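A structural walkthrough
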Amino acid sequence: VRQPLSGIESIAYYLEMALEFEDQEIRQQCARLRTMVRQANWLLTDASMGSGPEGESSCLNKHVFALAEGLALHEERAIDLKLSQGALLVPVSACGLRRMLEHLLSYLRDVAEADDPVAAATSRGDGWCSLRLSGIFDPDRCAEHARLLTALRPSGLSGVIARLGGRFETSASGGVLEIELRFPMLADEGHETSV
């Protein structure tokens, strides 16, 4: 399915460029078509999400920091970080957690087309910890994003989080899109160190 979607996006991009000084309405339709392809790609990826090997754990802060560091170094795109103190161990493998983080960041950047920098904050509570990602985007698209982010429940990423005993929450209002993952927090037994 991805190959024809990629072809459609390329054609729409080519038409949009070729019609640079032509009919504005046609150019807008091409841009809308490209947006729909990005949404479809993200939904396909979401449907294939998995939690990784059972029984593993990883540090939420460590992986959020590593992802932000990699983006700053390789793509020169900043993430506004606010990480809580200490190790936040969650019941997800390092590979699974990295995949989740990249998947959500791709939603904010590629689908919602949020402005840089996207914000990422971690926090802890009694027996839980959370990651909140947020970005500023076109306020006219609030309803569209509210619908898209709940389209595949209970499957996809939200289903994975629910199976882990956590929650997947979203809100889109006033030009700000927020996504929160809440995980049950594991006891720190020297498994991974915090950043």
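Our subject is the structure listed above.
The text that follows walks through the structure, step by step, so that each part is easy to find.

How each quantity is defined
Residues numbered from 1 in each chain as written. Predicted model: local features only at pLDDT ≥ 70, side-chain atom pairs only at ≥ 80, totals over all residues. Heavy atoms only, no water. Disulfide = S-S within 2.5 Å. Buried < 20%, exposed > 50% of the residue type's maximum accessible area, 1.4 Å probe, protein only. Pairing = 2+ DSSP bridges. Helix = DSSP H or I, 4+ residues; strand = E, 2+ residues; numbered from the N terminus. Axes fitted to C-alpha atoms, helices over the stretch in contact; angles between N-to-C directions. Expected span 1.5 Å × (residues − 1). Core = buried A, V, L, I, M, F, W, Y, C linked by side-chain atoms within 4.5 Å. Parallel < 35°, antiparallel > 145°, perpendicular 65-115°, else oblique. Contact = heavy atoms within 4.5 Å. Nonpolar A, V, L, I, M, F, W, Y, C, P; charged D, E, K, R; others polar.

Right, let's talk about the state of the cysteines for a bit. As enumerated under the stated definition, the model contains 0 disulfides in all. We note that cysteine 59 lacks a disulfide partner, and the nearest cysteine sulfur, in cysteine 129, lies 8.6 Å from it. When its relative accessible area of 0% is taken as the criterion, cysteine 59 is described as buried. The exposure class of cysteine 129 is buried, given its relative accessible area of 0%.

Moving on to the sheet that holds strand β6 (residues 167–173). Where strands meet in a sheet, backbone hydrogen bonds hold them as pairs that are either parallel or antiparallel. The strand order across the open sheet built from 5 strands is β2-β4-β5-β7-β6, with neighbouring strands paired in mixed fashion. Only two strands of the sheet have a single neighbouring strand rather than two, namely β2 (79–82) and β6. Direction aside, the axes of adjacent strands within the sheet are offset by 15° on average. Sheet analysis places strand β5 (residues 128–136) next to strand β7 (residues 176–184), joined by 9 bridges and oriented antiparallel. Looking at the pairing, glycine 135 lines up with leucine 177 of β7.

Right, let's get into helix α2 (residues 24–47). For an α-helix the count is 3.6 residues per turn, leaving residues at separations of three or four pointing the same way. With 24 residues, α2 should reach 34 Å at 1.5 Å per residue; the first-to-last C-alpha distance of 35 Å fits that figure. Among the residues of α2, those classed as buried are Arg27, Cys30, Arg34, Thr35, Val37, Arg38, Gln39, Asn41, Trp42 and Asp46.

Let us look at the nonpolar core. With 38 residues, the main nonpolar core has Leu60, Met100, Tyr107, Leu157 and Phe183 as its most contacted residues. At the level of elements, α3 (60–74), α4 (94–111), β4 (118–124), β5, α5 (142–149), α6 (156–163) and β7 are the ones that each hand at least two residues to this core. Counting residues per element, this core draws most heavily on α4, which supplies 8 residues.

Contact geometry for α2 and α4: axes closest at 10 Å, N-to-C directions at 170°. With respect to each other, α2 and α4 are oriented roughly antiparallel. Facing Arg38, Gln39, Trp42, Thr45 and Asp46 of α2, the residues of α4 in contact are His103, Ser106, Tyr107, Asp110 and Val111. Residue composition of the contact of α2 with α4, by class: 3 nonpolar, 4 polar and 3 charged.

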